[in-house]
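Summary of the model geometry
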Amino acid sequence: KFLMRGAHKKDPKRFGPEPVESETARSGFPRTCVARRGTAADAMTEPDFDRPDLADRLLRKAETAIRARTSRILCVIERCTDEHNYSAVIRSCEALGVQHIWLVDPVEVSYEGVDDGLVDDDDDGGDDDGADADRARERAGGLLKSHGHGSAWREAHKLFARRANEFTTIREFPTTRACVEALREAGYVIWATDLSQKAICMTHDALRDAGFGDPDDPTATVVPEKLAIVFGTESVGCTREILESADARVYLPLRGFADSLNLSVAAALCIQTLFYLCPEAVGAMSDAERAELREKWFTQLAANRVTTRGQDRDLRDARTRLTRVRKKLLRAETAETGLGLGLGFRVETAETETRADPNPNGVGGRVADLVRQETILRDTIDAMEETRRVAANAAIQPYLANPPAPLRDMRRPDEHREAYVGKGVRAKNAEHWAGMPAVRNHASVRNHTKRMFEGVTGEP
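Residues numbered from 1 in each chain as written. Predicted model: local features only at pLDDT ≥ 70, side-chain atom pairs only at ≥ 80, totals over all residues. Heavy atoms only, no water.

1. So, the sheet that holds strand β9 (residues 248–251)
On the basis of which strands lie adjacent, the open sheet formed by 7 strands has the order β5-β4-β3-β8-β6-β9-β7 and parallel pairing. Looking at the sheet topology across the chains shown, the edges are occupied by β5 (169–173) and β7 (200–201). Note that strand β6 (residues 189–193) and β9 share 3 bridges and pair parallel. Bridge pairing links Ala-192 to Arg-249 in β9. (Pairing = 2+ DSSP bridges. Helix = DSSP H or I, 4+ residues; strand = E, 2+ residues; numbered from the N terminus.)

The structure is reproduced here in structure tokens:
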């Protein structure tokens, strides 16, 4: 299976020319293929491509993303009021390797039936596995629109970018002033995107002429050591407060009659341009922060695979029952108190009952019964998830002590490509999509890596 030592010297026709170690292997990348002099393999880099049979492929892919993450560039989304743009910006940041995203709430808009009661006001942006977000979505029954405000608005809209949100660090601010003050305290230079003629074109020469970079070195990067780039609303852009507080206003050069871009498109192009101007920003993160991400991500990925299929089924069923109970509770509360008051009602424990309906068969009694069911199911799910988290953390300890080698890049193999569409859409397009890699594979990608962790146990 492997080249015998010295075999190439004894029989070069059979074993080929002498293997050599490439520069990438000597510089720290894993030596996963053997380059040979005089062959096409000389041009190949050493790390593996992702493939189904690759050992530790899931954690190696996570390690690849971790090593490319940057804390040098921070993205600020100010007062975005469109949930699709909101999620697309977060997704673009995650895909391009920006770890930190700061959000400024839209100004408060009166919208009947929506208030901060859906989610706790003391939300600090921490990771709670989307529990509050799920409650907000289910209890609101899809009534949250794109003109909300506060933590309920944030949680409901982050649902649209949930996968990206799991792998980014999000911090939230109620006002622009609070965000600017935090940026200054953290030592960030602020660039505000702007379409006015006062803005600086995002090119090396234009930014250098504006005073960025090293005046004694024309080749030095013009991107500051800590940069926050701000994107405003879809209709009017950044607020006057941001524009006046910014160290510079910047814009992308456009060459057509359209004088603006969709918010998510503009954000993606600007961030990619920053990496073009400053390639060293890729992977610019402290070892301590990288270690924190590694533990968080590895535990998170293992948690989805550490349990048996029976345990997975039990957790999935409990979540389904909880969703149904919350929908019933929303309808019962609406019937009892009206749409606006019903959406704001929350009870944390079965003992905390604020309704006083003497008739157990009345609407108030129905609400109280559903609240008790919700509490029991939520406690059951929390216990299941804690058991899973403890087991996952135990499973990934060896990988924290000795992180796996990164992959060549983040592209999936054809065997793992999948079209995220329903069965009906697949059926309608079966003829047009025939033979395309994204529709050839219908089995869950998760099963390829589940055996890596399945059966690991731990005590909470």
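2. Concerning a nonpolar patch on the surface
The grouping of Leu-254, Leu-261, Val-265 and Leu-269 at the surface amounts to a nonpolar patch, some 300 Å² of accessible area in total. Checked against the element boundaries, Leu-261 lands in the loop between β9 and α12 (263–277). (Patch = residues over 30% accessible without salt bridge, like charges linked within 9 Å, V, L, I, M, F, W, Y side chains within 5 Å. Areas by Shrake-Rupley, 256 points an atom, 1.4 Å probe, with all protein chains shown as cover. Salt bridge = Lys/Arg side-chain N within 4 Å of Asp/Glu carboxyl O.)

3. Observations concerning helix α5 (residues 83–96)
Taking 1.5 Å of rise per residue, the 14 residues of α5 would be expected to cover 20 Å, and the 20 Å separating its terminal C-alpha atoms lies within 8% of that figure. Looking one or two places after α5, you find Gly-97, whose phi comes out positive at around 100°. (Expected span 1.5 Å × (residues − 1).)

4. So, the packing of aromatic side chains
Using the criterion set out here, one finds 4 aromatic pairs in the structure. Between Trp-102 and Tyr-188 the ring centres are 6.3 Å apart and the planes differ by 65°, which places this aromatic pair in the edge-to-face class. Note that Trp-102 is positioned in strand β4 (residues 98–104) and Tyr-188 in the loop between α9 (176–186) and β6, a separation of 86 residues in sequence. Here Trp-102 matches Tyr-188 in class, with each residue buried. With 5.1 Å between their ring centres and 75° between their planes, Trp-191 and Phe-212 make a pair best called edge-to-face. Residue Trp-191 is found in strand β6, and its partner Phe-212 is found in the loop between α10 (204–209) and β8 (227–231); the two are separated by 21 residues along the sequence. You can call Trp-191 buried: its relative accessible area is 0%. Among the aromatic residues, those joined into a cluster by ring pairs are Trp-102, Phe-173 and Tyr-188. Against the face of Trp-102 rests Arg-171, its NZ or CZ located 4.9 Å from the ring centre. Looking at Lys-226, its charged tip hangs above the ring of Tyr-188, at a distance of 4.6 Å from the centre. (Phe/Tyr/Trp six-rings, centres within 6.5 Å; stacked < 30°, edge-to-face > 60°. Buried < 20%, exposed > 50% of the residue type's maximum accessible area, 1.4 Å probe, protein only. Lys NZ or Arg CZ within 6 Å of the ring centre and 35° of its normal.)

5. Describing the nonpolar core
Across soluble globular proteins, you tend to see nonpolar side chains buried next to one another. With 34 residues, the main nonpolar core has Ile-77, Trp-191, Leu-207 and Leu-274 as its most contacted residues. Counting residues per element, the ones that place at least two in this core are β3 (70–78), α5, β4, β8, β9 and α12. Here this core takes 7 residues from α12, the largest share from any one element. Beyond its immediate stretch of four places on either side in the chain, Ile-77 contacts Val-89, Ile-90, Ile-101, Trp-102, Leu-103, Val-104 and Phe-231. (Core = buried A, V, L, I, M, F, W, Y, C linked by side-chain atoms within 4.5 Å. Contact = heavy atoms within 4.5 Å.)

6. Re a positive patch on the surface
A cluster of basic side chains, namely Arg-324, Lys-327, Lys-328 and Arg-331, defines a positive patch on the protein surface. Inspection of the secondary structure assignment puts Arg-331 in helix α14 (residues 309–337). Owing to a relative accessible area of 54%, Arg-331 belongs among the exposed residues under this scheme. (Lys, Arg positive; Asp, Glu negative; His and termini not counted. Charge placed at Lys NZ, Arg CZ, Asp CG, Glu CD.)

7. Brief notes about the pattern of salt bridges
Enumeration according to the criterion identifies 20 salt bridges in this entry. For Arg-51, the salt bridge goes to Asp-48, with nearest N and O atoms at 3.6 Å. The class of Arg-51 is partly exposed, set by a relative accessible area of 35%. Glu-94 is paired through a salt bridge with Arg-69; the nearest N and O atoms lie 2.8 Å apart. Taken together, the residues Glu-94 in helix α5 and Arg-69 in the loop between α4 (57–68) and β3 connect sequence positions 25 residues apart. Given a relative accessible area of 2%, Arg-69 falls into the buried group.

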